[in-house]
Amino acid sequence: MSSSLFSKVLDVAGPGKFPRAQKWVWKRIYNLLSRFWSDGDWRFMNYGFVPAKPFELRPEDEAERAFIGLYQQAVDGLPVEGARVLEIGSGRGGGSRYVARYYSPTAVTGLDYSPETVRRARKLNADVPVLSFTTGDAENLPFPDGSFDIVVNIESSHCYGDVPAFAREVSRVLKPGGWFTFADMRPKSQLAALDIQLGAPGLELVENRNISKGVVEALNAAETRKSERIGKAFLFRRFISEFSGSKGSMLYKGLKGGSVVYVARRYRKSQAS
């Protein structure tokens, strides 16, 4: 499958273009990837992030350092200890696993729209007692108001048909004073729209960073490992290469050249909400 086919898929699945089709397409892409990418040592489906200052990891987690970096920057400095944490778009569960094992929360819940991906996450992370996974819609969360102290959303919102509805749901399930930590990519031309989309009542923007450089460094760091795995894909090799942001892909070029920007943001819910 060529990059031109991947471009056509992105055109259908791009944020806000065809909301109903968009969620259908992404759900099936992730179901397909979960079936194909069944390796027990791949718990992440993100592009990763390499920070300027290295962070500590246990020896058994070093192979996933580049991918863990997105989560480390997302929760670093937040009051995670003893907190109830929700990750929306939890994928194969590696990020939720990292938060659960390194930051001592009371509980971490991972939610994903793809049933196949949720099944894979449960299998890969069954050894972490405080961690659970459930299937659900980011735009209609299956949780009561004020259920969580921290909501994490990493490289997932570009799949949503209605980002403002997602942001309203985040605000609803957060406790007053709770934190929403977000990271994702957008074409540079869509950043102003993202400001509006995430501006749900009760959520105050506290921090906004462009982390594209560190994401590109992570893509470079993971290139060899990904290439070895992609080389086993006979039918979908080119498509998966594009999807994973391999060197030479549309997404890699966009991030490196600046036409695509990877942002990291933190919001806090008003105490009065």
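Reading the values: rules and limits
- Residues numbered from 1 in each chain as written.
- Predicted model: local features only at pLDDT ≥ 70, side-chain atom pairs only at ≥ 80, totals over all residues.
- Heavy atoms only, no water.
- Helix = DSSP H or I, 4+ residues; strand = E, 2+ residues; numbered from the N terminus.
- Buried < 20%, exposed > 50% of the residue type's maximum accessible area, 1.4 Å probe, protein only.
- Contact = heavy atoms within 4.5 Å.
- Areas by Shrake-Rupley, 256 points an atom, 1.4 Å probe, with all protein chains shown as cover.
- Salt bridge = Lys/Arg side-chain N within 4 Å of Asp/Glu carboxyl O.
- Polar contact = N/O pair within 3.5 Å; in protein donor to acceptor, adjacent residues only side chain to side chain.

S.K.: Honestly, the overall build of the chain in this entry has me stumped. Any pointers?
M.R.: Along its length, the chain carries 10 helices and 7 strands. Residue burial in the chain is summarised as follows: out of 273 residues, 56% are buried. Taking as baseline every contact in the chain between residues at least 6 positions apart, the subset at least 24 positions apart corresponds to 75%. Summed over its atoms, the accessible surface of the chain is roughly 12100 Å², and 54% of this surface lies on carbon and sulfur atoms.

S.K.: Explain the pattern of salt bridges to me, please; I cannot follow it from the model alone.
M.R.: Side chains that carry opposite charge are capable of pairing whenever their charged atoms lie near each other. Tallied over the entire structure, the rule returns 12 salt bridges. Of the charged contacts, one joins arginine 101 and glutamate 60 as a salt bridge, the two residues approaching to 3.4 Å between their closest N and O atoms. Within this pair, whereas arginine 101 is found in helix 4 (residues 94-102), its partner glutamate 60 is found in the loop between helix 2 (19-36) and helix 3 (65-75), the two being separated by 41 residues in sequence. Taking the shortest distance from any N to any O, the salt bridge between arginine 172 and aspartate 145 comes out at 2.8 Å. A residue pair is termed long-range when its members are at least 10 positions apart, and arginine 172 in helix 6 (residues 163-173) and aspartate 145 in the loop between strand 3 (131-135) and strand 4 (148-154) qualify at 27 residues. Ionic contacts of the salt-bridge type, sharing partners, join the residues Glu60, Asp61 and Arg101 into one network.

S.K.: Explain helix 3 here, please?
M.R.: Counting along an α-helix, one turn takes 3.6 residues, and residues three or four places apart therefore face a common direction. For helix 3, the tally of buried residues reaches 10 of 11 residues, placing the bulk of the element in the interior. Looking one or two residues beyond helix 3, the residue adopting positive phi is glycine 77, at roughly 90 degrees.

S.K.: Would you take a moment to explain the environment of glutamate 116 for this structure?
M.R.: Relative to the elements of secondary structure, glutamate 116 occurs in helix 5 (residues 115-124). Sequence spacing of glutamate 116 and arginine 92 is 24 residues, and the spatial spacing of their C-alpha atoms is 9.5 Å. Polar contacts involving the side chain of glutamate 116 include one to the side chain of arginine 119, which spans 2.8 Å.

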